[in-house]
Amino acid sequence: QVINQRLQASLSAEIIYMNGLLSTPFHRVYFSDNSQHDIERLPDTRLKIPLGIRLNYYPIDPLVIRTNYRFYTDDWGVNAHTFSLETPIKVNQALTVTPFYRFHTQSAADYFAPYQVHSANDAFYTSDYDLSELSSHKIGMNVKIDPAS
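Rules used throughout
Residues numbered from 1 in each chain as written. Predicted model: local features only at pLDDT ≥ 70, side-chain atom pairs only at ≥ 80, totals over all residues. Heavy atoms only, no water. Salt bridge = Lys/Arg side-chain N within 4 Å of Asp/Glu carboxyl O. Buried < 20%, exposed > 50% of the residue type's maximum accessible area, 1.4 Å probe, protein only. Phe/Tyr/Trp six-rings, centres within 6.5 Å; stacked < 30°, edge-to-face > 60°. Helix = DSSP H or I, 4+ residues; strand = E, 2+ residues; numbered from the N terminus. Lys NZ or Arg CZ within 6 Å of the ring centre and 35° of its normal. Patch = residues over 30% accessible without salt bridge, like charges linked within 9 Å, V, L, I, M, F, W, Y side chains within 5 Å. Areas by Shrake-Rupley, 256 points an atom, 1.4 Å probe, with all protein chains shown as cover. Contact = heavy atoms within 4.5 Å. Pairing = 2+ DSSP bridges.

## Remarks on the pattern of salt bridges
Then step 1. All told, the structure shown has 3 salt bridges when counted by the stated rule.
Then step 2. Put simply, Asp38 and Arg41 hold a salt bridge, and the shortest N to O gap is 3.3 Å.
Then step 3. Taking relative accessible area as the criterion, Asp38 reaches 22% and is therefore assigned partly exposed.

Below is the structure:
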């Protein structure tokens, strides 16, 4: 949606329902009693809801400020927030530099536990760190060169 000459915004929302084999059989889980291990066991359904907002602001001609926020939740107990900021700067016709920053945080799934923490009596279990609690920061710069311009 164009709000005015300098500001654009967009909203996004999805509902995703997954059904079937959602665990990965090559992920092993080692239990707290050290006597055995098994493959990852997860529910066969998952409901995922991501919501996002994007704002692009053009303060001066060669500069754009792009922001993006995304919230994610699912019925496995994962809640996540992602924020990103990038500012493409057109140096000349052929060169654009884009510094960026991204922050992401998420809670652990209800079924996640690290190595040798799960009980063999648990109905569902995983030690896959994609489903663990985490927080990350990413800072960088993209350089685009278009010699045809």
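From this point, the discussion proceeds with the structure in view.
## Comments concerning the packing of aromatic side chains
Then step 1. Within this structure, the stated rule accounts for 5 aromatic pairs.
Then step 2. The interplanar angle of 55° and the centroid separation of 5.3 Å between the aromatic rings of Tyr30 and Tyr115 together place this pair among those described as tilted. In this pair, Tyr30 sits in strand S4 (residues 28-30) while Tyr115 sits in the loop between strand S10 (95-106) and strand S11 (134-145), placing the two residues 85 residues apart along the sequence.
Then step 3. Residue class for Tyr30 comes out partly exposed when judged on its relative accessible area of 27%.
Then step 4. Under the relative-accessibility criterion, Tyr115 is labelled exposed at 54%.
Then step 5. A connected cluster of aromatic rings, assembled from ring pairs, spans Trp76, Tyr111 and Phe124.
Then step 6. Arg46 extends its terminal NZ or CZ atom over the ring of Trp76, reaching a point 4.1 Å from the ring centre.

## Observations concerning a nonpolar patch on the surface
Then step 1. The grouping of Leu11, Ile53, Leu55, Tyr69, Phe83 and Leu85 at the surface amounts to a nonpolar patch, some 500 Å² of accessible area in total.
Then step 2. Within the residue set of the nonpolar patch, elements represented by two or more residues are strand S6 (45-60) and strand S8 (79-86).
Then step 3. Along the chain, Leu11 turns up in strand S2 (residues 7-13).
Then step 4. Accessibility expressed as a relative area gives 71% for Leu11, which makes it exposed.

## Details of the environment of Ser127
Then step 1. One can find Ser127 in the loop between S10 and S11.
Then step 2. Once you skip the residues sitting within four places of it in the chain, Ser127 turns out to touch Arg28, Val29, Phe112, Ala113, Pro114, Tyr115 and His118.

## With respect to the pairing of S2
Then step 1. Inspection of the sheet shows strand S1 (residues 2-4) paired to S2 by 2 bridges, in the antiparallel sense. Following the sheet pairing, Val2 is matched in S2 by Gln8.
Then step 2. Here S1 folds back onto S2 in antiparallel fashion, the turn holding 2 residues.
Then step 3. Two strands pair when backbone bridges link them, and S2 and S6 are joined in this way by 7 bridges, in the antiparallel orientation. Opposite Ala9, over in S6, you have Leu55 as the bridge partner.

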